[in-house]
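What follows is each chain in one-letter form.
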Amino acid sequence: MRTSWADSVANSASEIGVSDNNSFPRPTRSTYVPPHLRNRPASVAPNPSGPVTEKASFSGTAGGSQWSRWSGGGGTKPEIGRPGQGYGYAGAGQGGSGGGWNNRSGGWNRREREVNPFGDEGEVDDTEQAFSEQEHTGINFDAYEDIPVETSGENVPPPVNTFVEIDLGELLNQNIRRCKYVKPTPVQRHAIPIALGGRDLMACAQTGSGKTAAFCFPIISGIMREQYVQRLRVARTVYPLALILSPTRELSCQIHEEAKKFSYQTGVKVAVAYGGAPINQQLRELERGVDILVATPGRLVDLLERARVSLQMIRYLALDEADRMLDMGFEPQIRKIVEQTDMPNRGVRQTMLFSATFPREIQRLASDFLSNYIFLAVGRVGSSTDLIFQRVEFVHESDKRSHLMDLLHAQKENGVHVKQALTLVFVETKKGADSLEHWLCINGFPATTIHGDRTQQERELALRSFKSGKTPILVATDVAARGLDIPHVAHVINFDLPNDIDDYVHRIGRTGRAGKTGLATAFFNESNLSLARPLAELMQEANQDVPPWLTRYASRAPYGGNKNRRSGGGRFGGRDFRREGSFSRNLDYYGGGNSGSAYGVAGNYGGGYAPGVTSAWD
Ligand SMILES: Nc1ncnc2c1ncn2[C@@H]1O[C@H](COP(=O)(O)OP(=O)(O)OP(=O)(O)O)[C@@H](O)[C@H]1O
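Residues numbered from 1 in each chain as written. Predicted model: local features only at pLDDT ≥ 70, side-chain atom pairs only at ≥ 80, totals over all residues.

Draft legend 1. Here's a closer look at the overall build of the protein. The secondary structure content of the protein amounts to 18 helices and 16 strands. In the protein, buried positions account for 52% of the 618 residues. If you take every contact in the protein between residues at least 6 apart in sequence, the share linking residues at least 24 apart comes to 81%. (Helix = DSSP H or I, 4+ residues; strand = E, 2+ residues; numbered from the N terminus. Buried ≥ 20, exposed ≤ 12 C-beta atoms within 10 Å, placed from the backbone. Contact = placed C-beta atoms within 7 Å.)

Here you go:
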């Protein structure tokens, strides 16, 4: 059995040799001027009404940057930094790390101590050897080594094998060690050098394979490196340098938590904004300063409309679950945020899109936001990891509950139904979720539920209760399908199968994460016929046993599961859509083949919701 990346740290014994010479060419950005402000007169910079002179102490090598112009130019100066604080950075004196790093930690106000997100309070081994020592402890990444990797685009930077050969900065490296990340995962090996090279990126890698760090590390490192000595705020408007968008509130919170760990004591400030939670609290948090803003689109639009956030200084834009962000549910909001605000244009900002699935027409849409980008696919686009043992059972609608009960009883008898083994049950509707939860509870299986009709407080409570094992069964709609990284989810049950095979991939991806194995069971019946073929193909590709009855259905069924979203000639045929020379908006990728609009009609569009299904997306 494979070893988990993180869990095997303690037990690992040996690891392949690590070079600590920094062989990867280091980007040369000595003094950073935000690209969209280059060659502009100073007056183009945000022009504060009623500038406030901030007592901002800083050291380091900021001379010549736009920031220093504002701070030291003697002219009008926007209010910079957090009120009442000397926001200074110690650019010098970073032992061990290469020059040019902007150690911002010196600027943390002593009154506002940064909470230690690791809860270790102790020292971290900050010697250069620490990675090497850990790397010799035998983390088993072998299972991932044979994953096919495809990159396309011009001048693709080479991948790295270790964290030490990437110049992320010592403070970030310390946090990586604290996270017990010993070695970069395959997507990190490829994506981090690409992003550090300043390139736009469309990256597709399997669920649970470490995509969050793959976009967070370069952003944090870039902000540290770029010598932003002061944080801009004009009146009550804040100017983040990086924006990370995700489709759900819970996922945004999770990314925020992760990013806070990665940026601990670097001076890079991360804040989160999402719907359903009191906006005033989020505004107060923003006012304390923000370099990286993690947000759901709806709440961000609200903040932009209130002029509490400006995207004028955005240097990095990352879309997590990018295909979901660009499908019918979100695309208008994303276009509004990216194209109709003061955000710097593509080619000026750096844009990174990540997901485990990337249907080709979404790739095409996404290319509107990217400039000369690199396409990276680790594993086949849209494939599931073979760490997940997949099982499909034919269950009539009326038998589903009793079948579920049988499964749960069997789990209990096998000792799986314990605190450390959580079960996630996906259903199609919010009503269905509530009713199943109630039924489970009265039948002696403590369950809770998460869906779009619950208040945010209820949703957060449910998630906490599930994570802690207090309520080991979570009944969820698709709101929990993407991105959530919940340790100890041992079993994902598709009580109702989704209509789209990509949704299935994300749902089952809540287990079998970070090198761990997991189990996924699906209840299939006549109402899922359109999924038969893509499901059988997906399972086959992941070396799973496909039941003969499913193969029979698959051979009879028309290709469903939104095959129209993929390339012709097979589910996994399409990778980088740019390689398909004849790709055109007018081709029959939308199923109907005659879509009047460039983007097809809603009903044919992958992310649309099936009739009668209420969306739980934020
Ligand atoms: N280099 C690493 N070493 C060990 N563990 C890692 C490493 N990188 C990430 N992880 C862990 O792997 C888990 C999955 O990572 P993450 O949530 O980023 O996956 P993902 O690819 O974004 O998944 P999804 O597609 O479901 O959103 C997390 O618990 C994370 O802490």
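We are not done yet, so read on.
Draft legend 2. Looking closely at the sheet that holds strand 16 (residues 518–524). With parallel pairing, six strands are arranged side by side in an open sheet as 11-16-15-12-14-13. In this open sheet, the two edge strands, each paired with only one partner strand, are strand 11 (388–394) and strand 13 (447–450). Sheet twist, expressed as the average angle between the axes of neighbouring strands with direction ignored, equals 20°. By the bridge criterion, four bridges tie strand 13 to strand 14 (residues 473–476) in an arrangement that is parallel. Pairing of Thr448 across the sheet is with Leu474, part of strand 14. Running at roughly 135° to strand 13, helix 15 (residues 456–468) makes contact with strand 12 (422–426), strand 13 and strand 14 of the sheet. (Pairing = 2+ DSSP bridges. Axes fitted to C-alpha atoms, helices over the stretch in contact; angles between N-to-C directions.)

Draft legend 3. Expanded view of the sheet that holds strand 6 (residues 270–273). In space, the eight strands of this open sheet follow the order 1-10-2-9-8-5-7-6, with mixed pairing throughout. Strands with a single pairing partner mark the edges of an open sheet, and in this sheet they are strand 1 (149–152) and strand 6. With strand direction ignored, the average angle separating the axes of adjacent strands in the sheet is 15°. Bridging between strand 2 (residues 201–205) and strand 9 (residues 350–355) involves four bridges; their strand directions are parallel. Looking at the pairing, Ala203 lines up with Phe354 of strand 9.

Draft legend 4. How the structure looks around the UniProt feature "domain: DEAD-box RNA helicase Q" (unreviewed entry) in the protein. As annotated in UniProt, the feature "domain: DEAD-box RNA helicase Q" (unreviewed entry) corresponds to residues 161–189 in the numbering used here. Annotated as 45% helix and 0% strand, the span residues 161–189 places its first and last C-alpha atoms 6 Å apart. (UniProt positions renumbered as here; feature names shortened; annotations may be inferred.)

Draft legend 5. Expanded view of the domain arrangement of the protein. If you check the domain split of the protein, you get domain 1 (141–378) and domain 2 (388–555). Here the C-alpha centroids of domain 1 and domain 2 sit 29 Å apart. Residue-level contacts link 17 residues of domain 1 with 16 residues of domain 2. It is helix 7 (residues 249–262) that provides the largest number of residues to the side of domain 1 that touches domain 2, a total of four residues. Taken together, the residues that form the side of domain 1 that touches domain 2 break down as five nonpolar, seven polar and five charged. (Domains from an automatic or database assignment. Nonpolar A, V, L, I, M, F, W, Y, C, P; charged D, E, K, R; others polar.)

Draft legend 6. View of the environment of Leu196. With respect to the secondary-structure elements, Leu196 resides in helix 5 (residues 186–196). Residues Leu196 and Ile166, 30 residues apart in the sequence, show an inter-C-alpha distance of 8.9 Å.

Draft legend 7. Main features of unusual backbone geometry. At Gln265, a residue that is not glycine, the phi angle is positive and equals roughly 60°. On the secondary structure map, Gln265 appears in the loop between helix 7 and strand 6. Gln265 gets classed as partly exposed once you count the C-beta atoms within 10 Å, which come to 16. Residues other than glycine seldom take positive phi values, yet Ala514 does so here, at roughly 50°. Of the residues examined, Ala514 has 16 C-beta atoms within 10 Å and is grouped as partly exposed.

Draft legend 8. Region of the structure containing helix 13 (residues 400–413). Between its first and last C-alpha atoms helix 13 spans 20 Å; for 14 residues at 1.5 Å apiece the expected length is 20 Å, and the two agree. For helix 13, the full list of buried residues reads Leu404, Leu408 and Gln411. Buried residues of helix 13 fall within an arc of 55° about the axis and therefore sit on the same side. Exposed side of helix 13, more than 90 degrees from the buried face: Ser402, Asp406, Ala410 and Glu413 are the residues found there. Where helix 13 is buried, its residues meet strand 15 (489–494). (Expected span 1.5 Å × (residues − 1). Arc of directions from axis to C-beta.)

Draft legend 9. Expanded view of the environment of Glu541. For Glu541, the location among the structural elements is in helix 17 (residues 532–541). For Glu541, a count of 16 C-beta atoms within 10 Å puts it in the partly exposed group. Sequence-wise, Glu541 and Leu376 are 165 residues apart; in three dimensions their C-alpha atoms are separated by 20 Å.

Draft legend 10. Highlighting the nonpolar core. Grouped together as the largest cluster of nonpolar side chains are 142 residues, with contacts concentrated most on Leu201, Ala203, Ile292, Leu376 and Leu535. When residues of this core are assigned to their parent elements, the largest contribution, nine residues, is made by helix 6 (residues 211–225). The two domains that each donate at least three residues to this core are domain 1 (141–378) and domain 2 (388–555). (Core = buried A, V, L, I, M, F, W, Y, C linked by C-beta atoms within 7 Å.)

Draft legend 11. Representation of the packing of helix 17 against helix 18 (residues 548–556) in the model. Here helix 17 crosses helix 18 at 130°, and the two axes come no closer than 8 Å. Comparing the axis directions of helix 17 and helix 18 gives the class oblique. The two elements helix 17 and helix 18 cross, and the hand of that crossing is left-handed. Side by side, helix 17 and helix 18 meet where Ala532, Arg533, Leu535 and Ala536 of the first sit next to Leu550, Thr551, Tyr553 and Ala554 of the second. Split by residue class, the contact of helix 17 with helix 18 holds six nonpolar, one polar and one charged. (Parallel < 35°, antiparallel > 145°, perpendicular 65-115°, else oblique. Left-handed = near helix turned anticlockwise from the far one by under 90°.)

Draft legend 12. Local environment of the confidence of the model for the protein. Taken residue by residue, the protein gives an average pLDDT of 76. The fraction at 70 or more is 67%. With pLDDT under 50 throughout, residues 131–140 is counted as low confidence; its partners more than four residues away or in other chains account for 36 contacts. Low pLDDT (under 50) marks residues 582–618, which in the prediction has 62 contacts with non-local residues, meaning those over four places away or in another chain. Model confidence for the complex is summarised by a pTM of 0.78, with the ipTM given as 0.99. (pLDDT = per-residue confidence, 0-100.)

Draft legend 13. Representation of the packing of helix 9 (residues 297–305) against helix 11 (residues 331–339). Viewed as axis vectors pointing N to C, helix 9 and helix 11 meet at an angle of 40°, and their least axial separation amounts to 10 Å. Taken together, the axes of helix 9 and helix 11 are oblique relative to one another. Remark: the crossing between helix 9 and helix 11 carries left-handed chirality. Where helix 9 abuts helix 11, its residues Pro297, Gly298, Leu300 and Val301 lie against Gln333, Ile334, Lys336 and Ile337. For the contact of helix 9 with helix 11, the class distribution of residues is five nonpolar, two polar and one charged.

Draft legend 14. Local environment of the pairing of strand 14. Burial along strand 14 is two-sided: Ile473 and Val475 facing one way and Leu474 and Ala476 facing the other are all buried. In this structure, strand 12 lies alongside strand 14, joined through four bridges in parallel fashion. When the sheet's bridge partners are listed, Leu424 is paired in strand 14 with Leu474.

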